[in-house]
Amino acid sequence: MPAVQSAPTATLAINGGPKAKPTPYGSGPRFGDEEKRACAEALDQQTLFFASGQKTKQFREAFAARYGIRNCVMCSSGTAAIHIALAACGVKPGDQVITASITDMGTCSAILLCGAVPVFADLDRSNYTIDPKSVEARITPKTTAIVAVHLTGAPCDMDALKAIADKHDLWLIEDCAQSYHTEYKRQLCGTIGDIGCFSLNDFKHISAGDGGMVVTNDEKLAHRAELFADKCYDRRAGADRNPFFTAPNYRINELTSAVALAQLGKLDSIVSRRRRYGDAVHQGFNNIPGIIPQAFVPGARASYWFYMFRIDEKIVGPRAAFVAALNAEGVSATAGYVDRATYLYDVFTKRQGFAGSDFPFSFAPEIQYKPGLCPNAEAIVREVVKIPVSEFFTDEDAQQTIEAIRKVASALRQGGSK
Ligand SMILES: *Cc1c(COP(=O)(O)O)cnc(C)c1O
């Protein structure tokens, strides 16, 4: 069947034609009476301390039940969650931790704060998640953990990563900051490795301003996570409060947990609406010459924190012009997700883990951070177009977005003169 295309005469909005997306995106309030009521209830407790009030306790139980996992520890951010997870696993200075070459800096800060050396594996060019073959190639005797990042709300190839972790006796930590309710072969991401980490920052599926969670079925890891989030104070009844390792204060508080709990009540609806929109645009971007939709690993059920696709510049011309034309049609789109692969940040290229010190990079002089390290990640940085996904976007938004992509791709294929 030939690809459906706009009439070749459609004039691009950037050249004065009518917009393919003339109506504004759907929007709505994220916070309402549920969050207000929960905050008032927290304040009425006359304590905001997580261990004294009910909100943190209720959230932990509700999130663990939702994920079918035994333990949920709350903390102050997604970055804190990953730091806590690594520390609970016993990752120590000089260890090497393998992670994705495109991720939030928080993933790397967590590794560096352990005194461990981040080692970047390349991504799969088409699904943008960590490539298990590259992970395995970067294992050394100093490797102790893998942090798998389910980027954009799409799962990594967890069977392959788990097999590698098992074979080499490595901890497998899942960074689920972008992937609430993401599924891999009917399992929830966050429950497949040893520990799953979540963020409640203001840009994620659910927000409490800031905050984070660590989930695990392992009681020992859960206990160490609790200690590490709270200055190594053991708050269990009758416990000896006698810190035996250095730990930061990464505590959550009752106000944050109150908002998180109210948001959790909306998560099913948020994810299902995002899926409806994301699946629609993903389908709609098929069969458009020059457009390469995001690929997913087998068994993936994405939860669409945002959506990325690639363009073939040989067919539709330069990405900047493509994005400018899309924007003129009324579609929110940006050229790329991040401006460089993570290992090209100065902290790595200048080997400045801490001010005035090359710790922890001094442990691994052989590890270089330089262009060319992960060719697929660098290609993804150059090639992808990012479009937003929101639970408030409508079916009409999806259809108009698809129409705009078709129109722009079609016009630019023909030389951009129209
Ligand atoms: C947001 C994010 C983090 C960090 O979460 P914070 O709550 O901002 O610390 C870590 N990893 C990924 C992939 C993220 O998107």
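Computed from a predicted structure; not experimentally measured.

Novice: Before we go on, may I ask you to explain the packing of helix H2 (residues 55–67) against helix H8 (residues 254–264) in this structure?
Specialist: Axis angle and axis distance: for two packed helices, these are the angle between their axes and the distance between the axes, and together they describe the pair. It is the contact of H2 with H8, at a shortest axis distance of 8 Å, that shows an interaxial angle of 35°. As H2 packs across H8, the resulting crossing turns out to be left-handed. Seen from H2, the contacting residues are Lys55, Thr56, Gln58, Phe59, Ala62, Phe63 and Arg66; seen from H8, they are Glu254, Ser257, Ala258, Ala260, Leu261 and Leu264. For the contact of H2 with H8, a count of residues per class yields seven nonpolar, three polar and three charged.

Novice: Teacher, can you tell me more about the sheet that holds strand E5 (residues 171–175) here?
Specialist: Within a sheet, each strand pairs with its neighbour through backbone hydrogen bonds, oriented either parallel or antiparallel. In spatial order, the strands read E1-E9-E8-E5-E4-E2-E3; together these seven strands make up an open sheet with mixed pairing. Two strands bound the open sheet, and with one partner strand each, they are strand E1 (71–75) and strand E3 (117–121). Within the sheet, the average angular offset between the axes of one strand and its neighbour, ignoring direction, is 25°. When strand E2 (residues 96–100) meets E3, the two strands line up parallel, connected through five bridges. By the bridge assignment for E3, Ala100 is matched with Ala121. Here helix H3 (residues 78–88) sits on the sheet and contacts E1, E2, strand E4 (143–149), E5, strand E8 (195–199) and strand E9 (212–216); the angle it forms with E8, its principal contact strand, is near 165°.

Novice: Would you take a moment to explain the pairing of E2 for this structure?
Specialist: For a regular strand, side-chain orientation follows a simple rule: the groups alternate between the two sheet faces. With respect to burial, E2 is a largely interior element, five of its five residues being buried. Between E2 and its parallel partner E3, the chain crosses via helix H4 (residues 105–113), and the hand of that crossover is right-handed. In terms of strand pairing, E2 meets E4 through four bridges, oriented parallel. The partner of Ile98 across the bridge, within E4, is Ile146.

Novice: Help me out: how do you make sense of the site of the ligand in this one?
Specialist: Gly78, Thr79, Asp175, Ser199 and Lys204 are the nearest of the 14 residues found near the ligand. Lys204 has a polar side-chain atom sitting 2.6 Å from an oxygen atom of the ligand. Burial of the ligand by the surrounding chains reaches 92%, relative to a free accessible area of 380 Å². At three residues, H3 tops the list of elements feeding residues into the shell around the ligand.

Novice: So what exactly am I meant to see when it comes to the state of the cysteines here?
Specialist: The tally for this structure, following the rule as stated, stands at zero disulfides. In this structure Cys72 is not part of a disulfide, and its nearest cysteine sulfur, from Cys75, lies 8.8 Å away.

Novice: How should helix H11 (residues 319–328) be read in this particular structure?
Specialist: An α-helix turns once every 3.6 residues. As a result, residues three or four positions apart point the same way. Where H11 is concerned, the buried positions are Arg319, Phe322, Val323, Ala325 and Leu326. Relative to the axis of H11, the buried residues are bounded by an arc of 160° and lie together on one face. The first or second residue beyond H11 is Gly330, which carries a positive phi of 100°.

Novice: Could you clarify how one ought to interpret the packing of H3 against helix H7 (residues 219–228) in this entry?
Specialist: The N-to-C vectors of H3 and H7 enclose an angle of 125°; their axes lie 8 Å apart at closest approach. By the criterion of interaxial angle, the relationship of H3 to H7 is oblique. The crossing of H3 and H7 is right-handed. Seen from H3, the contacting residues are His83, Ile84, Ala87 and Ala88; seen from H7, they are Leu221, Arg224, Ala225 and Phe228.

Novice: Honestly, the packing of aromatic side chains in this entry has me stumped. Any pointers?
Specialist: The geometry of an aromatic ring pair is captured by the separation of the ring centres together with the interplanar angle, meaning the angle of the planes. On inspection of all chains with the given rule, the structure shows 27 aromatic pairs. Judged by centre distance (4.9 Å) and plane angle (80°), the ring pair of Phe244 and Phe245 falls under edge-to-face. Ring centres 5.2 Å apart and planes at 65° place the aromatic pair Tyr277 and Phe393 in the edge-to-face group. Taken as a pair, Tyr277 in helix H9 (residues 267–284) and Phe393 in the loop between strand E14 (384–388) and helix H14 (395–413) lie far apart in primary sequence, 116 residues in all. Here Tyr277 matches Phe393 in class, with each residue buried. Note that Arg241 overlies the ring of Tyr233, its terminal NZ or CZ placed 5.4 Å from the centroid. When the ring centre of Phe306 is taken as reference, the NZ or CZ atom of Lys386 above it lies at 4.7 Å.

Conventions and cut-offs
- Residues numbered from 1 in each chain as written.
- Predicted model: local features only at pLDDT ≥ 70, side-chain atom pairs only at ≥ 80, totals over all residues.
- Heavy atoms only, no water.
- Axes fitted to C-alpha atoms, helices over the stretch in contact; angles between N-to-C directions.
- Helix = DSSP H or I, 4+ residues; strand = E, 2+ residues; numbered from the N terminus.
- Left-handed = near helix turned anticlockwise from the far one by under 90°.
- Contact = heavy atoms within 4.5 Å.
- Nonpolar A, V, L, I, M, F, W, Y, C, P; charged D, E, K, R; others polar.
- Pairing = 2+ DSSP bridges.
- Buried < 20%, exposed > 50% of the residue type's maximum accessible area, 1.4 Å probe, protein only.
- Right-handed = clockwise from strand over helix to strand, strands pointing away.
- Near = heavy atom within 4 Å.
- Polar contact = N/O pair within 3.5 Å; in protein donor to acceptor, adjacent residues only side chain to side chain.
- Areas by Shrake-Rupley, 256 points an atom, 1.4 Å probe, with all protein chains shown as cover.
- Disulfide = S-S within 2.5 Å.
- Arc of directions from axis to C-beta.
- Parallel < 35°, antiparallel > 145°, perpendicular 65-115°, else oblique.
- Phe/Tyr/Trp six-rings, centres within 6.5 Å; stacked < 30°, edge-to-face > 60°.
- Lys NZ or Arg CZ within 6 Å of the ring centre and 35° of its normal.

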